[in-house]
Amino acid sequence: MDETGRVSYKHVLVPTDGSKAAKRASQQAVELVKESNGTVHALYVMDMGDTGFVAIPSDIKETRQRLEKKGRAFVNEVEEEAEESGVDCIAVVKSGIPENEIVEYVHENNVDLVVMGRRGRSDPDKPLIGSTTKRVLGLSDVPVHVV
């Protein structure tokens, strides 16, 4: 808490997939961090799934490069938004199972809060809460603010 009794967050993680919900989450994260002089951490996780079982190695390499480029664009959007608001931002692209990488990142970087969209691009049936968000809620030891 700060001197006014409000909870302040120094390290806020925003997992992003470029969806509208993720963009709303990044806006809120930047505002929260701005109040506390903290840092926004923008994270995109490349979910390679079972590509090793269905593709030849050159296809996997090409797919990975495409996903990395896409992820870099998504985290750069968050970084630009943070910079415009005078907020520090760390932009990271990782590979793995999204919810596991998100929770691991939280632990490795002393994240105080995760701010994420209620569902991302890969939830076509538009459930109330997407599968990755639901799993992060179940796995995270820190508060998760769902936008």
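Here goes a summary of the coordinates provided. Everything numeric in this text was worked out from a predicted model, so none of it was measured. (Residues numbered from 1 in each chain as written. Predicted model: local features only at pLDDT ≥ 70, side-chain atom pairs only at ≥ 80, totals over all residues. Heavy atoms only, no water.)

Some details on the overall build of the protein chain
1) Next: Within the protein chain, the secondary structure is distributed over five helices and five strands.
2) Next: When the elements of the protein chain are put in sequence order from the N terminus, they spell out β-α-β-α-α-β-α-β-α-β.
3) Next: Contacts in the protein chain between residues at least 24 apart in sequence constitute 72% of all its contacts with a sequence separation of at least 6.
4) Next: Surface exposure of the protein chain reaches about 8,500 Å², of which carbon and sulfur atoms provide 48%. (Helix = DSSP H or I, 4+ residues; strand = E, 2+ residues; numbered from the N terminus. Contact = heavy atoms within 4.5 Å. Areas by Shrake-Rupley, 256 points an atom, 1.4 Å probe, with all protein chains shown as cover.)

Examining helix 1 (residues 20-36)
1) Next: Look at helix 1: 25 Å from first C-alpha to last across 17 residues, which is about the 24 Å you get at 1.5 Å a residue.
2) Next: Among the residues of helix 1, Ala21, Ala22, Ala25, Ser26, Ala29, Val30, Val33 and Ser36 are the ones counted as buried. (Expected span 1.5 Å × (residues − 1). Buried < 20%, exposed > 50% of the residue type's maximum accessible area, 1.4 Å probe, protein only.)

As for the side chain of Thr16
1) Next: Among the secondary structure elements, Thr16 is positioned in the loop between strand 1 (11-15) and helix 1.
2) Next: A polar side-chain atom of Thr16 sits 3.2 Å from the main-chain amide nitrogen of Gly18.
3) Next: Contact partners of Thr16, with chain neighbours within four places excluded, come to Ala22, Leu43, Tyr44, Phe74, Val75 and Val78. (Polar contact = N/O pair within 3.5 Å; in protein donor to acceptor, adjacent residues only side chain to side chain.)

A look at the side chain of His41
1) Next: Relative to the helices and strands, His41 resides in strand 2 (residues 39-46).
2) Next: Its relative accessible area of 2% is what places His41 among the buried residues.
3) Next: Within the structure, His41 has its side chain in polar contact with the side chain of His11 (distance 2.9 Å).

Describing the pairing of strand 1
1) Next: Within strand 1, four of the five residues are buried, which leaves it mostly tucked inside the rest of the structure.
2) Next: Bridging between strand 1 and strand 2 involves five bridges; their strand directions are parallel. Each bridged residue has a counterpart across the sheet, and for Leu13 the counterpart in strand 2 is His41.
3) Next: In this view, the connection linking strand 1 to its parallel neighbour strand 2 by way of helix 1 has right-handed handedness.
4) Next: Pairing geometry for strand 1 and strand 4 (residues 113-116), over two bridges, is parallel. Looking at the pairing, Leu13 lines up with Val114 of strand 4. (Pairing = 2+ DSSP bridges. Right-handed = clockwise from strand over helix to strand, strands pointing away.)

Looking at the packing of aromatic side chains
1) Next: Considering all chains together, one arrives at one aromatic pair under this definition.
2) Next: A centroid spacing of 5.7 Å and a plane angle of 65° characterise the contact between Tyr44 and Phe74, whose relative ring orientation is edge-to-face. On the criterion of sequence distance, the pair formed by Tyr44 in strand 2 and Phe74 in helix 3 (residues 57-84) is long-range, its members being 30 residues apart.
3) Next: The exposure class assigned to Phe74 is buried, which follows from its relative accessible area of 10%. (Phe/Tyr/Trp six-rings, centres within 6.5 Å; stacked < 30°, edge-to-face > 60°.)

Some remarks on the packing of helix 4 (residues 98-108) against helix 5 (residues 131-139)
1) Next: The N-to-C vectors of helix 4 and helix 5 enclose an angle of 40°; their axes lie 9 Å apart at closest approach. In this view, helix 4 runs oblique relative to helix 5, as classed from their interaxial angle. Both helix 4 and helix 5 take part in a crossing whose hand is right-handed. Each of Pro98, Glu99, Asn100, Ile102 and Val103 in helix 4 lies in contact with helix 5, whose residues at this interface are Thr132, Arg135, Val136 and Leu139.
2) Next: Partitioning the contact of helix 4 with helix 5 into residue classes produces five nonpolar, two polar and two charged. (Axes fitted to C-alpha atoms, helices over the stretch in contact; angles between N-to-C directions. Parallel < 35°, antiparallel > 145°, perpendicular 65-115°, else oblique. Left-handed = near helix turned anticlockwise from the far one by under 90°. Nonpolar A, V, L, I, M, F, W, Y, C, P; charged D, E, K, R; others polar.)

Quick word on unusual backbone geometry
1) Next: Of note, Asn37 is a non-glycine position whose phi angle comes to about 60°, a positive value.
2) Next: Relative to the helices and strands, Asn37 resides in the loop between helix 1 and strand 2.
3) Next: Residue Asn37 is classed as exposed on the basis of its relative accessible area of 69%.
4) Next: Here the phi dihedral of Asn110 falls at roughly 50°; this positive angle occurs in a residue that is not glycine.
5) Next: Examined against the element boundaries, Asn110 turns out to sit in the loop between helix 4 and strand 4.
6) Next: Exposure remark for Asn110: the relative accessible area of 58% places this residue in the exposed category.

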